[in-house]
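In case you want the letters, here they are:
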Amino acid sequence: MKKLIFGMATVSALTAVSCGPKSVAVTGPKYTSSEQLAQGKSIFENSCNRCHKLPDPAKHDDQGWINTLSRMAPKAKLTDEQHQMVYDYLISVNKK
């Protein structure tokens, strides 16, 4: 019984660690000026491109980008402000 409980606790701890920290900086649009959106585009292109191909902004809706960026921003070491600017850029170009 002790082994089972220890094993479950270990799996639970490893699962929590493997997900990594999540950023909660974004709850909706904040930056809308053309300069801020240009900064968001630059951050997106230079930070996200380090590890993978840049995704199409149309890949997600607003909530999908909030979820995706909450996972990816810490990996890219984005500040909360940078995270927000990337989100605002993505949703601005995703609007039809």
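Further up the page is the structure itself.
In this text, all values refer to a predicted model and were calculated from it rather than measured experimentally. (Residues numbered from 1 in each chain as written. Predicted model: local features only at pLDDT ≥ 70, side-chain atom pairs only at ≥ 80, totals over all residues. Heavy atoms only, no water.)

Peer 1: Give me the lowdown on the side chain of Asn94, citing residues and values where you can.
Peer 2: You can see Asn94 is positioned in helix α4 (residues 80–94). Accessibility expressed as a relative area gives 13% for Asn94, which makes it buried. One polar contact links the side chain of Asn94 to the main-chain carbonyl oxygen of His60, over a distance of 2.5 Å. In this structure, Asn94 is in contact with Pro57, Ala58, His60, Asp61 and Trp65, ignoring residues within four places of it in sequence. (Helix = DSSP H or I, 4+ residues; strand = E, 2+ residues; numbered from the N terminus. Buried < 20%, exposed > 50% of the residue type's maximum accessible area, 1.4 Å probe, protein only. Polar contact = N/O pair within 3.5 Å; in protein donor to acceptor, adjacent residues only side chain to side chain. Contact = heavy atoms within 4.5 Å.)

Peer 1: Tell me about α4, and name the residues and values.
Peer 2: The first and last C-alpha atoms of α4 sit 21 Å apart over 15 residues, in line with the 21 Å expected at 1.5 Å per residue. Of all the positions in α4, only His83, Gln84, Met85, Val86, Tyr87, Asp88, Tyr89, Leu90, Ile91 and Asn94 are classed as buried. Its buried side turned inward, α4 meets α2 (34–47) and α3 (62–75). (Expected span 1.5 Å × (residues − 1).)

Peer 1: Residues and numbers for the pattern of salt bridges, please.
Peer 2: Here the structure, examined in full by the defined rule, presents one salt bridge. When the shortest N-O distance is used, the salt bridge between Lys41 and Glu45 registers 3.9 Å. With Lys41 and Glu45 both in helix α2 and four residues apart, the pair spans about one turn of that helix. By relative accessible area, Lys41 is classed as partly exposed at 36%. (Salt bridge = Lys/Arg side-chain N within 4 Å of Asp/Glu carboxyl O.)

Peer 1: Describe in detail the nonpolar core, supporting the description with residues and values.
Peer 2: Phe44, Leu69, Val86, Tyr87 and Leu90 are the most contacted members of the largest nonpolar core, which has 16 residues in total. Looking at this core, the elements with two or more residues in it are α2, α3 and α4. No other element matches the six residues that α4 contributes to this core. Apart from residues no more than four positions distant in its own chain, Val86 is found in contact with Gly40, Ile43, Phe44, Leu69 and Leu78. (Core = buried A, V, L, I, M, F, W, Y, C linked by side-chain atoms within 4.5 Å.)

Peer 1: Before we move on, could you go through α2 and cite the residues and values that matter?
Peer 2: For α2, spanning 14 residues, the distance from its first C-alpha to its last is 20 Å, which sits close to the expected 20 Å at 1.5 Å a residue. When we look at burial in α2, the residues that qualify are Leu37, Gly40, Ile43, Phe44 and Ser47. Along the long axis of α2, the arc covered by the buried residues comes to 120°, so they all point the same way. The outward face of α2, more than 90 degrees from its buried face, is lined by the exposed residues Ser34 and Glu35. On its buried face, α2 sits against α4. (Arc of directions from axis to C-beta.)

Shape descriptors only; they carry no functional weight alone.
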